[in-house]
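For reference, the chains in residue letters:
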Amino acid sequence: MLKKVGVTSVDELFTQQIPEDLLLSDVTKLQLPVAADEMTLQRELNAIALANDTDKISFLGGGIYDHFIPAAVDLLASRGEFVTAYTPYQPEVSQGILQVFFEYQTMVAGLLGMDVANASMYDVASGAGEAVLMAISALRGRNEIIVPESIHPDIRETIHAYTDNGQVQIVNIPVGADGIIDTALLEKSLGEKTACVLIQHPNYLGCLEQVQMISDMTHKAGALLVAVVDPVSLGLLEAPGVWGADIAVADGQGIGLPMYAGGETVGLFACKQSLMRKMPGRIIGMTKDVNGKRGYVLTLQTREQHIRREKATSNICSNHALNALKVTIHLSLMGARGLTRVARLCLANMARLKAALPKEAIVYNAPCFKEIVVRTKRPVTHVLEEMLAEGYYAGIDLKKRLGSSDYDNCLLMCVTEKRTNEEIDTFAQKLRPMLVGGEM
Amino acid sequence: MENEKMMEIPPTDCPSIFERSVDGRVGVVLPEEPAGIDALIESSIPSEFLRKEQPYLPQVGESDVTRHYTNLANRTLGLDTAFYPLGSCTMKYNPRFHEKAASMECFRSLHPEQPESTMQGMLRIVYEAQKWLGELAGLPAVSFQPAAGAHGELTSMMVIRSYFRSRGETNRCKVIIPDTAHGTNPASAMRSGMSTVEIKSGLDGRIDLEELTKQLGPDTACVMITNPNTLGLFENRIREIADMIHAVGALLYVDGANFNAIVGRVRPGDFGADLMHINVHKTFSCPHGGGGPGAGPICGRDFLAPFMPHPWVMLKDGQYTLEDDCPQSLGKVRAFIGNLPAAVRTWCYLCELGAQGFREVSGYAVLNANYIAKLISGVYEIPYGERCMHEFVLSADKQKHQGARALDLAKGLIDMNYHPPTIYFPHLVSEAMMIEPTETENIETLEKFAAAMLQLAEVAEKQPQQLLESPVKTVVRRLDEGLAARKPVVCWPGNDFNK
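Computed from a prediction, not measured in an experiment: that's the story for all the values here.

Notes on the overall build of chain A
Here comes step 1: Looking only at helices and strands, chain A features 16 helices and 14 strands.
Here comes step 2: Relative to the compact-globule value of 22 Å for 440 residues, chain A shows a C-alpha radius of gyration of 25 Å, a close match.
Here comes step 3: In terms of overall dimensions, chain A has a C-alpha envelope of 85 × 55 × 45 Å along the principal axes.

A short note on the domain arrangement of chain B
Residues and elements named next belong to chain B.
Here comes step 1: Along its sequence, chain B is carved into domain 1 (2-74), domain 2 (97-353) and domain 3 (360-483).
Here comes step 2: The straight-line distance from the C-alpha centre of domain 2 to that of domain 3 is 31 Å.
Here comes step 3: Tallied by class, residues from the side of domain 2 that touches domain 3 come to eight nonpolar, eight polar and two charged.

Concerning the environment of Tyr-407 of chain A
All names here are of chain A.
Here comes step 1: With respect to the helices, strands and loops of the structure, Tyr-407 is situated in the loop between helix H15 (398-402) and strand E14 (410-414).
Here comes step 2: When the C-alpha atoms of Tyr-407 and Val-380 are compared, they prove to be 9.9 Å apart, with 27 residues separating the residues in sequence.
Here comes step 3: In this structure Tyr-407 touches Leu-398, Lys-399 and Leu-402, once residues within four positions along its chain are discounted.

A look at the sheet that holds strand E7 (residues 298-300) of chain B
Residue and element names in this part refer to chain B.
Here comes step 1: Read across the sheet, seven strands follow the order E1-E7-E6-E5-E4-E2-E3 without closing on themselves; strand pairing throughout is mixed. The sheet is open, and its two edges are formed by strand E1 (141-143) and strand E3 (195-199), each paired on a single side. With strand direction ignored, the average angle separating the axes of adjacent strands in the sheet is 20°.
Here comes step 2: In the sheet, strand E2 (residues 174-178) pairs with strand E4 (residues 220-226) via three bridges, with the strands oriented parallel. Within E4, the residue paired with Val-175 across the bridge is Cys-222.
Here comes step 3: Contacts between helix H6 (residues 120-137) and the sheet are confined to E1, strand E6 (275-278) and E7, with E1 contributing the most and set at about 130° to the helix.

Let's talk about the domain arrangement of chain A
All names here are of chain A.
Here comes step 1: One can read the domain layout of chain A as domain 1 (57-67 + 336-434) and domain 2 (71-330).
Here comes step 2: Computed from C-alpha atoms alone, the centre-to-centre distance between domain 1 and domain 2 is 27 Å.
Here comes step 3: Every contact between the two is made by 26 residues of domain 1 and, on the other side, 22 residues of domain 2.
Here comes step 4: Of all elements in the fold, only helix H13 (321-355), strand E11 (371-375) and H15 reach the threshold of two or more residues within the side of domain 1 that touches domain 2.
Here comes step 5: Sort the elements by how many residues they give to the side of domain 1 that touches domain 2 and H13 lands first, with seven residues.
Here comes step 6: Tallied by class, the residues present in the side of domain 1 that touches domain 2 amount to 17 nonpolar, five polar and four charged.

Cut-offs used in this document
Residues numbered from 1 in each chain as written. Chains lettered and ligands numbered in written order. Predicted model: local features only at pLDDT ≥ 70, side-chain atom pairs only at ≥ 80, totals over all residues. Helix = DSSP H or I, 4+ residues; strand = E, 2+ residues; numbered from the N terminus. Rg over C-alpha atoms; globule rule 2.2 N^0.38 Å. Domains from an automatic or database assignment. Nonpolar A, V, L, I, M, F, W, Y, C, P; charged D, E, K, R; others polar. Contact = placed C-beta atoms within 7 Å. Pairing = 2+ DSSP bridges. Axes fitted to C-alpha atoms, helices over the stretch in contact; angles between N-to-C directions.

Structural data, given as structure tokens:
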């Protein structure tokens, strides 16, 4: 090969093209690991595994949830063709993955009650960032976005980074005493500059927002409603499209993906038909081949960066394809009945947990789905340590997570369908004395 | 309704999952609901919050689902199926071991809000992967947070925005981008609120220093450079370019899409880069997954560290920690830490190869590209010369005049069981075909592919009509993309919400 190429060594290919002073003279000086074989590396990984504790009984939520995943999801999605394909720019050899995305779009749109969905985003936070930018671009002249305190702190920070370009104003709405948006305050904040209102439902504190009222107010002001939802909750709760969301985003982690310390996940993204051409990301459309046979292609590509460059609706290039596939397989297996069952089991478990806790400890009155905030007697950090020693991840310290003393002694807990009655009962029994109103 | 008309198009032998749906079927067995649950729901959730109609999802059994998605896998061409010389995408073979490592239960079952002390293994992986990537880039401040290459670009633009803001240089919002750049570069710059200027390449396909000088000024935030560039050429005056950029107080951003060509041999930090992103799904063994998830970690000089997204993964007194108290940080660009399975694969790859191994990666990547270029040059025109880095761009102009465009050649390759190269990019080569074989292909594959390309040229010369018909061996023939865009049908029409 060297002879044919016309060099005497591989190194010569580099010295011919790269100034010598830019080439590393001694690669061994780099601080890199010594090359290891597979067997050695597996041993190392097994040791690393021991430094991860996944044996505790978990009541953690806050955006990442321990939901059941049927074994078939990963087994089917690990087919080499799916795992090693590229973005389907060549549709004739990519009909399989294109059809997967088309089915994914259909399921996501159906689940969220929206007209159209894209072929997925990275995660819910970046999806929310894209959604507010999309709203601003759809309503020219309006540059304010209303982002209440009741949304996930990472979503809030991501939106801030995405819109921190000197042209967008973020308006904050505090949480009321009942754990949801103060709608009177919201109404006052809405105006002709408002491009969109973003709400999370159930919100970060586990509470259900007054979605219909918020939606009506938002639209009356001529703004768009961006909804962040939990796809599992939609087995039970009304779809955002029905209560009026113009753009809906969600994280797909709870429907087929492992928790994986928070990622990778996949962002569900859907909108009203009228906004379709403003949507970021890949969209798959159905069409015909030259023989009139059904086929699928990437479509509406004139929105995208590889065609429009600086004029694109977004810089997004990839979706999170393989995770979208897992969501598609998961939803196919579950069907509406399975998803509804999971949502109802979550609710039943939450009711069981709630009933076992002192009433005085329940911080908010608003109805909740699978997450709840309770007040502890001592700082949450102490409670978490004690519960850890008992074998539990008891929840999230809201004061620390939200960086606000408004949430002193507030613990956010989550219960999914995976927790057994016995786990819930024993957990509640151990936690009870540490909660306000709980006997010692 | 357009949607319903589309439904009448006869399905191929693989109908949609919705057409397989039969009322009452389900693909999973779940625990029974407790008694009295209806009353419980009624008492805990006001009815206006409850869903009135069940979501539109298929009703199918596990065997239906298994057959359906297995058939769809069969209708997808992956790197596991065939040679994939897709320029700029670095479609290399990745060890199966990394898939096993990334799917270990000890990583999958971690919750991000667990105490740091209970996820030391995961944090160590991220910490070490970041440290080693920084070492290979020569840029020690690394964040694994961005979820993709384009996301890394966007995050980098935000880092640069925060950096200049901290210095009071808010006027710096111009980003200079060569015309050979990927489309994501200008799109990412715009998305961060900056403006872009494109500069024309010189006759040698590299950055024209005079053009660059004209644009550089006190309003320049950065120059985005892909090196080697998308023509597969190393920007050999890069240090001079870096000096020019730094002289006006701007930064040099490197798009690491082509890092595979130089990894272990050239460190962008050494030639003057201030910040770069790395596509770990190209260079560091994460499979592409049909379009993600990969990851786009960014590596920068130490002075940019304070602006990186948080949490920062740090090592303090022998304990790995997640640091969120980062007042100058741009904030976050996604939830939680990052795409961690990608970090596991990257870590494995770094451990397997070591320093010398990466020299071999870039060495064979460049040798393989030069070998194919040599074998087909002459029959195909290679406008910027056949000596190249890890990829080269040929022009099918000659073949176009004979009657078969680059697109037709690409479709012809499909019938020969190859994934076609990238076509019509970069834009400054007419009828461009961009070929990147990667280091993981053997000589037989390279020679067979070159022979196929030569055969294709012969067909283009003698029977171009034949290529216009291709592909003919695929499950569908050429598709009507115009129809899809004019009358978009993006959901299966049974969905009630689409009526």
